[in-house]
Amino acid sequence: MMKHYLLTPGPTPIPPEVALKEALPILHHRTSEFGAIYKDVAEGLEYVFQTRNKVYMFAASGTGAMEMAVVNLLSPGDEVIVASCGNFGDRWMKIAQGYGVKVISVSVEWGKVVKPAEIEKVLKENPNIKAVFTTFTETSTGVVNDIRIVGEIVSKTNAVLVVDAISGLVGQEFRTDDWKVDIVVAGSQKGFMLAPGLAFITLSDKAWKLVETSKIPKFYFDIKKYRKSYTINETPFTPPVTLIVALKESIRLIKERGLENMWNDYKLLAKAARAGMKALRLELFGEVPCEVVTSVFVPVEIGDKIVKTLREKYGVSIAGGQGDLKGKIIRFAHMGYIGKADLLVGFACLEMVLVELGVKIEKGKAVAAAEEVLLNV
Ligand SMILES: *Cc1c(COP(=O)(O)O)cnc(C)c1O
């Protein structure tokens, strides 16, 4: 028996109030009882996404919501921009190309943030571009892109802006309407503090116009079906009833704390995490660190060993690097149901593991540095 701490960038821990809802008997989804919950949740999502548009939900992981955006907006042969700065940005490219869409890549090296000026330039040179796809918090590297600036640029063109906010929503300031984002996708297992399996998407009027012209074949992912069912508080196919019932509780918790307070809570945790890493002389990876996950370089190629030892010996799960960063960085998440105490536990155990792996550090320094930040607010 070992107590587990989930400090990974998804899935994230679930508050007991939410977990209890996940354990309730299943409701039938074509009932007024479920309809009332669905309506309540759908409206709550508008607050979380900071939009006046409707937010649709369906059974899928976050990638399913990404695919939904691509298949509903585009036709084979369309030209789009993908502004990627990591593994998840690259996923936009793979999905689009998989459907025969022509991708102009405005990507940067992993660890950097996307360049709005570059996007602006490519949009000017290619007036036929239908959409710009990018990522809010790039979980694979730990950076955050300036979506507000990209929104300013894209909104002046005929293209729509599609943002993957799967890991950043709830954890860091994100304003769909104010930042002029046309499509936002998210998933249940990160900031929302739910089990995996529920995906979200919201679309602006400008995006709906593009939906009308889309010729990529689709059935389950046809967003028009969801729009139609929404009017009677239903989904076209069986929704993950359990997750939607639990989401009502999770949205209640988010509203109770307030979105802006939550953003500030994670900002503080991120600051403490960066201070802890600095005290261990682990250099931050990434040009503009986000507030939901902290990525740092680790001594040559022991990243995976650190992750494995932390989990097996202390029950603490963090993440290693993806792709070329495998073994080279570790990613310590502070998203979802994570508090100050979890962060301190994570750092205490990380210190022990580093000592065990022969890294020269002074025990207690990271914990002290994190405490210093947490005490001085
Ligand atoms: C987790 C994540 C995804 C993928 O979500 P799945 O639920 O694993 O499909 C996509 N983008 C970002 C930024 C993520 O953090």
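Right above here is the structure, for reference.
The following paragraphs examine the structure supplied in this document. Keep in mind that this is a model prediction, so the values were computed, not measured.

Some words on the sheet that holds strand β14 (residues 329-333)
Spatial strand order, β11-β14-β13: three strands in an open sheet with antiparallel pairing. One side of each edge strand has no neighbouring strand; the edge strands of this open sheet are β11 (293-297) and β13 (319-320). Examined bridge by bridge, β11 and β14 share five bridges and lie antiparallel to one another. Within β14, the residue paired with V293 across the bridge is A333. The strands touched by helix α10 (residues 259-279) within the sheet are β11 and β14, with β11 carrying the most contacts at an inclination of about 15°.

Overview of the environment of F347
Tracing the backbone through its elements, the reader meets F347 in helix α12 (residues 340-356). The class of F347 is buried, set by a relative accessible area of 0%. Through-space distance from the C-alpha of F347 to that of K365 is 9.3 Å; in sequence the pair is 18 residues apart. Those residues in contact with F347, other than ones at most four positions away along the chain, are A272, A273, G276, M277, L280, F332, A366, V367 and A370.

What to know about helix α6 (residues 147-155)
Residue pairs three or four apart in sequence face the same way in an α-helix, which turns once every 3.6 residues. Burial in α6 covers these residues: I147, V150, G151, I153 and V154. The arc that holds the buried residues of α6, viewed along the axis, is 165°, so those residues lie on one side. On its buried side, α6 packs onto α5 (116-125), β5 (131-135), β8 (160-164) and α7 (205-211).

Comments concerning the side chain of E249
Looking at the secondary structure, you find E249 in helix α9 (residues 241-257). In contact with E249, not counting residues within four places along its chain, are E17, V18 and K21.

Focus on the pairing of strand β3 (residues 79-83)
Along any regular strand the residues' side chains alternate between the sheet's two faces. Among the five residues that make up β3, four are buried, leaving the element largely enclosed by the rest of the structure. With four bridges joining them, β3 and strand β4 (residues 102-105) adopt parallel strand pairing. Opposite V82, over in β4, you have S105 as the bridge partner. Sheet analysis places β3 next to β5, joined by four bridges and oriented parallel. Bridged to V80 within β5 is A131.

What to know about the pattern of salt bridges
The full count for this structure, using the stated rule, is 17 salt bridges. Close ionic contact of E173 with R175 constitutes a salt bridge, the shortest N to O distance being 2.7 Å. Residue class for E173 comes out partly exposed when judged on its relative accessible area of 36%. K225 is the salt-bridge partner of D222, the closest N and O atoms lying 3.6 Å from each other. On the accessibility criterion, D222 (16% relative accessible area) is buried. Through salt bridges with shared partners, a single network forms among E152, K156 and K180.

Points about the sheet that holds strand β2 (residues 55-59)
Backbone-to-backbone hydrogen bonds pair the strands of a sheet. The strands run either parallel or antiparallel. Taking strand neighbours across the sheet as the criterion, the seven strands line up as β2-β10-β9-β8-β5-β3-β4 in an open arrangement whose pairing is mixed. Sheet topology places β2 and β4 at the edges, where each strand pairs with a single neighbour. Each strand axis lies, on average, 20° off the axis of its neighbour in the sheet, ignoring direction. In terms of strand pairing, β8 meets strand β9 (residues 183-187) through three bridges, oriented parallel. Residue pairing across strands places V163 opposite V184, the latter belonging to β9. Lying on the sheet, helix α3 (residues 62-73) is in contact with β2, β5, β8, β9 and β10 (198-203); it crosses β9 at an angle near 155°.

Examining unusual backbone geometry
Cis geometry is adopted by the peptide bond preceding P11, which originates at G10 and carries an omega value of -5°. For Q50, which is not glycine, the phi torsion reads 55° and is therefore positive. Along the chain, the position of Q50 falls in the loop between α2 (32-49) and β2. Unlike most non-glycine residues, M193 shows phi in positive territory, near 65°. Among the structural elements, M193 can be located in the loop between β9 and β10.

Digging into the site of the ligand
In the region of the ligand, 13 residues are neighbours, and S61, T63, T139, D164 and K190 sit closest. At a separation of 2.5 Å, an oxygen atom of the ligand approaches a polar side-chain atom of S61. Within the backbone of G62, one N or O atom sits 2.8 Å away from an oxygen atom of the ligand. Expressed as a share of its isolated accessible area of 380 Å², the protein-covered part of the ligand is 89%. The set of elements that each furnish at least two residues to the shell around the ligand consists of α3 and α4 (87-98). The residue makeup of the shell around the ligand, split by class, is two nonpolar, eight polar and three charged.

What counts and what doesn't
- Residues numbered from 1 in each chain as written.
- Predicted model: local features only at pLDDT ≥ 70, side-chain atom pairs only at ≥ 80, totals over all residues.
- Heavy atoms only, no water.
- Pairing = 2+ DSSP bridges.
- Helix = DSSP H or I, 4+ residues; strand = E, 2+ residues; numbered from the N terminus.
- Contact = heavy atoms within 4.5 Å.
- Axes fitted to C-alpha atoms, helices over the stretch in contact; angles between N-to-C directions.
- Buried < 20%, exposed > 50% of the residue type's maximum accessible area, 1.4 Å probe, protein only.
- Arc of directions from axis to C-beta.
- Salt bridge = Lys/Arg side-chain N within 4 Å of Asp/Glu carboxyl O.
- Near = heavy atom within 4 Å.
- Polar contact = N/O pair within 3.5 Å; in protein donor to acceptor, adjacent residues only side chain to side chain.
- Areas by Shrake-Rupley, 256 points an atom, 1.4 Å probe, with all protein chains shown as cover.
- Nonpolar A, V, L, I, M, F, W, Y, C, P; charged D, E, K, R; others polar.

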